[in-house]
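Close look at the chain arrangement
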Amino acid sequence: MKAASASVKNHLVSSALSALLRMYWAGRIMLGTFSILLGLVHAAAACEFGPFPYRGTGIVCRMTKPAALLLNQETAQVIQAAFRNAKFPNVTGERSMRLLGRVAYALSDIQVNDLSIERSEVELKEEDSAIHISIRNVTALFKGTLTYGYAGAWFLQLFHSVDFEIESSIDLQLNINLMCQKDQVAPDASDCYLTFHKLTLHLQGDKQPGWLKQLFTDFISFTLKLVLKREVCKEINAVAQTLTNFITDLAANFVQDKDIIVDISLASDPVIKGRYIESHHKGTVLYKNSSSVLSDSVFSPSLLTESRMLYFWLSEHSLSSLAAAAFLDGQLVLNLRGEKLQELFEMEDTEMQRKAVQRIFQGTSYNDSVAKVWSLTQPQISFQPEGTVVSSSVAVEVSILLAGEEPLVVLYMEKEITATIQATYAEKKLILQPVDSSVEIKVFKCTADPSEEDPSIQSFLQNMILVAGIPEITSSIGSALTSLMNSKRLDLFDIINPEIITRKGYVIVQLDFGFPNHLLLHFLEKSL
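Summary of the structure given here. Note that the structure is predicted; figures quoted are calculated from it, not measured.

Each regular strand displays side chains that alternate between the two surfaces of the sheet. Taken across its six residues, strand β1 (residues 59–64) has six buried, putting it largely inside the fold. Burial along β1 is two-sided: the residues Ile 59, Cys 61 and Met 63 and Val 60, Arg 62 and Thr 64 are all buried. Direction of pairing for β1 relative to strand β13 (residues 310–315): antiparallel, over a ladder of five bridges. Bridge pairing links Val 60 to Trp 313 in β13. Relative to strand β10 (residues 276–281), β1 is paired through six bridges, and the arrangement is antiparallel. Paired with Met 63 across the bridge in β10 is Ile 277.

What follows is the structure, encoded as structure tokens:
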């Protein structure tokens, strides 16, 4: 009998915890919210870095205090929406009473009403390298049915049912540290405290015997307090790790395009200051069986400020490696035909232009012609205050498509192109604008000028490339990158006043943002 009683009591602990832990979504989701922007951060407790870790830093992420305050402000609404849809299991237990014998009870059909969070506060503590989250006065009213019974000394068994309400009011304090395990983030929220202001059981109409109300009020409240104090941090840690894995998978997917992968593992310890959290990542590029190596990064924390909510620092090496991988993967190819081809060759209406077009296309429609542009060599990228300087050897081939015949190549050129490009992000689009360009033709073959003695065609083509060709190529690259980023759901984020600032050897992206409700709701739907 004692064994059976112990088993039932253990079941009480488990069931009561499962039923009422959902009230503490506030703590779990606040931790999860910070994991959304800290998902790339890996702490150094279980990881080793070299004596000069910044030298291997290719990407840096800094989140400032205003971002933390925004997340803290908006989270309560999401918590309440998730909590209203939660399902609550039954709570069972028993207790031995003199004269009455064993008294068993079950709380069933539990529903929650009037959930509210009075306020929550967040602080970044530099002295103990932790994120402190205080959630004040989490209140909820639980309703359901209490079924109870007892077996007396004469084996008399009686069972009754009555509606109940449980009033609760609790404060939750979380002190979150960041751990690194197997190169993955492992947030540690075991340093947490629960303060109970109220956890009271009310029976329907107070018509039951006074001893019964007193029994269940005291015993259930006391038991739940013990269980919650012991187990809630374990539950928070479990959910936090699930969310961290979810965010890590999203981040890994965002920086991957087929065989091109960016390594976002840590290059050095994360930093928690009173005004920001900063993480440093390798940012090396993996392509098939090869990878880049970075050992001379110019990063320094002084390169970033604290006036915006979110900063990304990207090294020249990381972006150059991405361009190299895209070249090896055969992605730096552009085909133009129809209206696009017409826009290039008819950018201006002059006598020289009309003659050149007639001689090159031989009267063939633009719809029956195609221009192929591709990079012959790996592009070289250099970040300068004026913009991103890109140099590459590029080939252009124009062909006429004849029905039933092989395409006829009427123009082939190889040229060295150098362009300074400025980037902006507006209306959920990446815009690349060339501000300075130069073209040097190295190889020229044209059926309209086989002897290469007519300078007018080359002059026209060189001017066309500078005025219309390079802008078209950069625009196409911007559109392709926008499509790629939007396929990763970047367009769902509320990005506010982003700035892309180039400096010698690196680029900074700084922005403000709105709360990413879609990301948190997606996690709730998928994982919990």
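Attention now moves to the environment of Tyr 148. Secondary-structure assignment places Tyr 148 in strand β4 (residues 130–151). Here Tyr 148 falls in the buried class, since its relative accessible area comes to 4%. Spatially, the C-alpha atom of Tyr 148 lies 6.5 Å from that of Ser 161, the residues being 13 residues apart in sequence.

Here we take up the pairing of strand β21 (residues 506–513). In terms of burial, β21 is largely enclosed, as eight of its eight residues are buried. Burial along β21 is two-sided: the residues Tyr 506, Ile 508, Gln 510 and Asp 512 and Val 507, Val 509, Leu 511 and Phe 513 are all buried. Pairing of β13 with β21 involves six bridges; the strand directions are antiparallel. Bridged to Tyr 311 within β21 is Gln 510. Looking at chain direction, strand β20 (residues 495–503) and β21 are connected through seven bridges and run antiparallel. Among the inter-strand pairings, Ile 496 is bridged to a residue of β21, identified as Asp 512. Hairpin connection, β20 to β21: the antiparallel pair is bridged by two residues, and Gly 505 has positive phi, about 95°.

Okay, helix α8 (residues 455–487) next. A rise of 1.5 Å per residue sets the reference length of α8, with its 33 residues, at 48 Å; its end C-alpha atoms lie 46 Å apart and thus fit the reference within 8%. At Ile 465, α8 shows its maximal bend, which comes to roughly 45°. Burial in α8 covers these residues: Ile 457, Phe 460, Leu 461, Met 464, Ile 465, Ala 468, Gly 469, Ile 470, Glu 472, Thr 474, Gly 478 and Thr 482. Packing partners of the buried residues in α8 comprise β14 (333–337), α6 (338–345), α7 (351–361), β18 (408–426) and β19 (429–446). Positioned one or two residues after α8, Arg 489 has a phi angle of 75°, which is positive.

Here we come to the packing of α7 against α8. Look at α7 against α8: their axes get within 10 Å of each other, and the N-to-C directions meet at 105°. Between α7 and α8, the angle is such that the two are roughly perpendicular. For the pair α7 and α8, contact is made by Met 352, Gln 353, Ala 356, Val 357, Arg 359 and Ile 360 and by Ser 456, Ile 457, Phe 460 and Leu 461, respectively. Among the residues making up the contact of α7 with α8, the classes are represented as seven nonpolar, two polar and one charged.

Any two side chains of opposite charge can pair, on the condition that their charged atoms come close. According to the stated counting rule, one finds 16 salt bridges in the structure shown. The partner of Arg 119 in a salt bridge is Glu 121, with the nearest N and O atoms 3.4 Å apart. For Arg 119, a relative accessible area of 39% puts it in the partly exposed group. Glu 121 gets classed as partly exposed once you look at its relative accessible area, which sits at 38%. With a shortest N-O distance of 3.5 Å, Lys 198 and Glu 167 are connected by a salt bridge.

One pass over the full model with this rule turns up seven aromatic pairs. When the centroid spacing of 5.3 Å and the interplanar angle of 90° are considered together, the rings of Tyr 54 and Phe 299 count as edge-to-face. Here Phe 299 lies in the loop between β12 (290–291) and β13 and Tyr 54 lies in the loop between α2 (25–38) and β1, a separation of 245 residues in the sequence. Residue classification places Tyr 54 among the partly exposed positions, given a relative accessible area of 28%. Considering the side-chain rings of Phe 361 and Tyr 366, the 5.2 Å spacing of their centres and the 70° angle between planes classify their relative orientation as edge-to-face. Comparing Phe 361 with Tyr 366, the two get one shared label, buried. An aromatic cluster of at least three residues, connected via ring pairs, comprises Tyr 54, Phe 299, Trp 313 and Tyr 506. The aromatic ring of Phe 52 is capped on one face by Arg 55, whose charged end is 4.3 Å from the ring centroid. Seen from the ring of Tyr 276, Arg 62 lies directly overhead, with NZ or CZ sitting 3.7 Å from the centre.

Parameters and conventions
- Residues numbered from 1 in each chain as written.
- Predicted model: local features only at pLDDT ≥ 70, side-chain atom pairs only at ≥ 80, totals over all residues.
- Heavy atoms only, no water.
- Buried < 20%, exposed > 50% of the residue type's maximum accessible area, 1.4 Å probe, protein only.
- Helix = DSSP H or I, 4+ residues; strand = E, 2+ residues; numbered from the N terminus.
- Pairing = 2+ DSSP bridges.
- Expected span 1.5 Å × (residues − 1).
- Bend = angle between axes of the 7 residues up to and from the residue.
- Contact = heavy atoms within 4.5 Å.
- Axes fitted to C-alpha atoms, helices over the stretch in contact; angles between N-to-C directions.
- Parallel < 35°, antiparallel > 145°, perpendicular 65-115°, else oblique.
- Nonpolar A, V, L, I, M, F, W, Y, C, P; charged D, E, K, R; others polar.
- Salt bridge = Lys/Arg side-chain N within 4 Å of Asp/Glu carboxyl O.
- Phe/Tyr/Trp six-rings, centres within 6.5 Å; stacked < 30°, edge-to-face > 60°.
- Lys NZ or Arg CZ within 6 Å of the ring centre and 35° of its normal.

Note that every value here comes from positions in space, so none of it alone points to a role or purpose.
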